[in-house]
Amino acid sequence: MKIFNTLSRTKEEFVPLEPGKVKMYVCGPTVYNFIHIGNARPMIVFDTVRRYFEYKGYEVSYVSNFTDVDDKIIKKANEEGVDSSEISARYIAECRKDMEGMNVRPATVHPQATQEIPGMLQMIQTLIDKGHAYVAADGTVYFRTRSFKGYGKLSHKNIDELQSGFREIRVTGEEDKEDSNDFVLWKPKKEGEPYWDSAWCKGRPGWHIECSVMAKRYLGDQIDIHAGGEDLIFPHHENEIAQSESANGKPFATYWMHNAFLNIDNKKMSKSLGNFFTVREIAEKYDLQVLRFFMLSAHYRSPLNFSAELMESSKNGLERILTAMERLGDLDGKVSGDALTEEEKTYEAQADELTAKFEAAMDDDFNTADAIAALFELVKLSNSTASADSTKAYAEDMKRRIRTLCDVLGIVTEKKEELLDSTVEKLIEERQAARKAKDFAKADAIRQQLLDMGIELKDTREGVKWKRV
Ligand code: AMP
Ligand code: ZN
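Since the model is a prediction, treat every value here as computed from it, not as a measurement.

Novice: Teacher, can you tell me more about unusual backbone geometry here?
Specialist: What you tend to see is this: most non-glycine residues have negative phi, and most peptide bonds are trans. Omega for the bond connecting Phe234 with Pro235 falls within 30 degrees of zero, at 0°, which places this linkage in the cis form. With respect to the secondary-structure elements, Pro235 resides in helix 7 (residues 233–248). A positive phi angle is found at Asp265, which is not glycine, with a value near 50°. Tracing the sequence through the fold places Asp265 in the loop between strand 11 (262–264) and strand 12 (267–268).

Given below as structure tokens:
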């Protein structure tokens, strides 16, 4: 498998740190509003990367954070007159709903910045002790970029050029910086902001430190893949490398993967430009599977321009696959025979080639555009060769083949007749209400009812989690 590594700017063969395992960290959203479909691009892309690794037999540990302490969250909380934790909890819940709609699987762990403060204090202290960070008069802690030789290696920037570019910019409150490239690890609280105690001042962490700390805690000092949108290369990921490698004394991530932007009218879709659609808005018009299919129709490193035409063509493409699967489903009961005919064996050989083509595309830096083209060829083969005259063995095999490749792309091919997620959530809410009212008998009865329906609940620090068993 080859992966384009931003660090080397070349496609490199994937060699995991530990055979058979992949440790992956993907920077997640700042939770102060509904996510927009630009934010959805890395979610869908890297969920697909995860799925493909699993298809290849790897065990994947996938960590993705929620940034739940940030100026924008605080601003929104102040506007609404509520605590910032209320804002972040609300939008984490909404984000999880959007992820489910797009068939983005929950990460192995979704850490939240506010739950990881002790680890941050520890890493900042290590950086101070090693001379990589310093404390300014007001208690702000800065990272000393000059102390890290590799600074600039990810973004391929030269530290001296960076400095001259910044020379004229005076940022109020940052006069104490030794160097204009130095960045904040910890900053003093302001009125109306959440804060924590520390050895330097009552305050809160800078943004970059959270990812270094969460990656270390949940995956270790060294990880295989670190990913996010390309706007994160500089300064966020550059700073993460500086922090992690200075604190841990080891290379941080082997591969750095960055998705290109989702644009609209050829401009980056972003909250600040106001040119965005939320996932929720798209869901009013389309099945979110269409959005997923649209995102995967381009290579993740190519800019993708959002348009109604492209969404329509993705809708039609997806429909073609779903219709083929429905046709195969309709053959159930009409076909028989467990042994392939000679003719079917030649079709199977063609199908093998198409599966190999799909894999070759995915092995080549996750080229989902070419992989989808191979999938369409498989669908065409199925449409032209599977019929009521086929053997059962053949019809079932074609169905299994298409389903397996769709699974890699996160496309659900068969409508779930089973229990809907919304039904489960509703029962969980009832159970929570019963617990709150101290009606534990009722709460236990609901838990048992869910178990009978094949749903297992787990009470965790982050709330109730459930899975199908
Ligand atoms: P944010 O909440 O802005 O930190 O973004 C969360 C993730 O979405 C990051 O990985 C960003 O790089 C990514 N992202 C934001 N806007 C876009 C966009 N228009 N296209 C692709 N990725 C984006
Ligand atoms: Zn990050």
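Novice: Is there a simple way to explain the nonpolar core in this structure?
Specialist: For soluble globular proteins, nonpolar side chains are generally found buried alongside one another. With 87 residues, the main nonpolar core has Phe53, Met102, Ile225 and Phe366 as its most contacted residues. Of the residues forming this core, the biggest block, nine residues, is contributed by helix 1 (residues 37–55). Those residues in contact with Ile225 that sit more than four places away from it in its chain are Ile3, Phe14, Val22, Lys23, Met24, Tyr25, Phe53, Tyr255 and Met257. With 39 residues, the next largest nonpolar core counts Ile124, Cys201, Ile241 and Ala253 among its residues.

Novice: How should I be thinking about the site of ligand 1 in this particular structure?
Specialist: Around ligand 1, a shell composed of 18 residues is seen, among which Gly38, Gly229, Asp231, Leu262 and Met269 lie nearest. Separating an oxygen atom of ligand 1 from a backbone N or O atom of Gly229 is a distance of 3.0 Å. The contact in question runs from a nitrogen atom of ligand 1 to an N or O atom on the side chain of Asn259, over 3.4 Å. The fraction of the free accessible surface of ligand 1 (490 Å²) that becomes covered by protein chains is 88%. Where the shell around ligand 1 is concerned, the elements lending two or more residues are helix 1 and strand 9 (223–229). In terms of residue count, the dominant contributor to the shell around ligand 1 is helix 1 (three residues). Across the shell around ligand 1, the residue classes break down as eight nonpolar, eight polar and two charged.

Novice: In this structure, what is going on with the pattern of salt bridges? I would like to understand it.
Specialist: One side chain can pair with another of opposite charge once the charged atoms of both are near each other. On inspection of all chains with the given rule, the structure shows 39 salt bridges. Residues Asp231 and Lys268 are paired through a salt bridge, measuring 3.1 Å at the closest nitrogen-oxygen approach. Here Asp231, found in the loop between strand 9 and helix 7, pairs with Lys268, found in strand 12; they are 37 residues apart in sequence, far enough to count as distant. Take Asp231: its relative accessible area is 37%, and that puts it in the partly exposed class. Take Lys268: its relative accessible area is 30%, and that puts it in the partly exposed class.

Novice: Explain the coordination of the zinc ion (ligand 2) to me, please; I cannot follow it from the model alone.
Specialist: In a perfect tetrahedron of four donors around a metal, the angles come out at 109.5 degrees. In a perfect octahedron of six, they are 90 or 180 degrees. All of the protein donors around the zinc ion (ligand 2) are Cys27 (SG), Cys211 (SG), His236 (NE2) and Glu240 (OE); their distances to the metal are 2.1 to 2.8 Å. Note that the zinc ion (ligand 2) binds four donor atoms; their angles at the metal cover 71 to 128°, and the shape is irregular. Expressed as a motif, the donor residue spacing for the zinc ion (ligand 2) is C-x183-C-x24-H-x3-E. Remark: His236 occurs in helix 7 and Cys27 occurs in the loop between strand 3 (21–26) and helix 1; sequence separation between them is 209 residues. Across the pair, exposure class does not vary: Cys27 and His236 are buried alike.

Novice: What am I meant to see in the side chain of Ser84 here?
Specialist: For Ser84, the position within the fold is in helix 3 (residues 84–101). A relative accessible area of 13% places Ser84 in the buried class. Setting aside anything within four residues of it in sequence, one finds Ser84 in contact with Ile73, Ile74, Ala77 and Pro194.

What counts as what
- Residues numbered from 1 in each chain as written.
- Chains lettered and ligands numbered in written order.
- Predicted model: local features only at pLDDT ≥ 70, side-chain atom pairs only at ≥ 80, totals over all residues.
- Heavy atoms only, no water.
- Helix = DSSP H or I, 4+ residues; strand = E, 2+ residues; numbered from the N terminus.
- Core = buried A, V, L, I, M, F, W, Y, C linked by side-chain atoms within 4.5 Å.
- Buried < 20%, exposed > 50% of the residue type's maximum accessible area, 1.4 Å probe, protein only.
- Contact = heavy atoms within 4.5 Å.
- Near = heavy atom within 4 Å.
- Polar contact = N/O pair within 3.5 Å; in protein donor to acceptor, adjacent residues only side chain to side chain.
- Areas by Shrake-Rupley, 256 points an atom, 1.4 Å probe, with all protein chains shown as cover.
- Nonpolar A, V, L, I, M, F, W, Y, C, P; charged D, E, K, R; others polar.
- Salt bridge = Lys/Arg side-chain N within 4 Å of Asp/Glu carboxyl O.
- Donors = N, O, S within 2.8 Å, 3.2 Å for Na, K, Ca; no water.
- Tetrahedral: all angles 85-135°; square planar, octahedral: opposite > 155°, others 65-115°.

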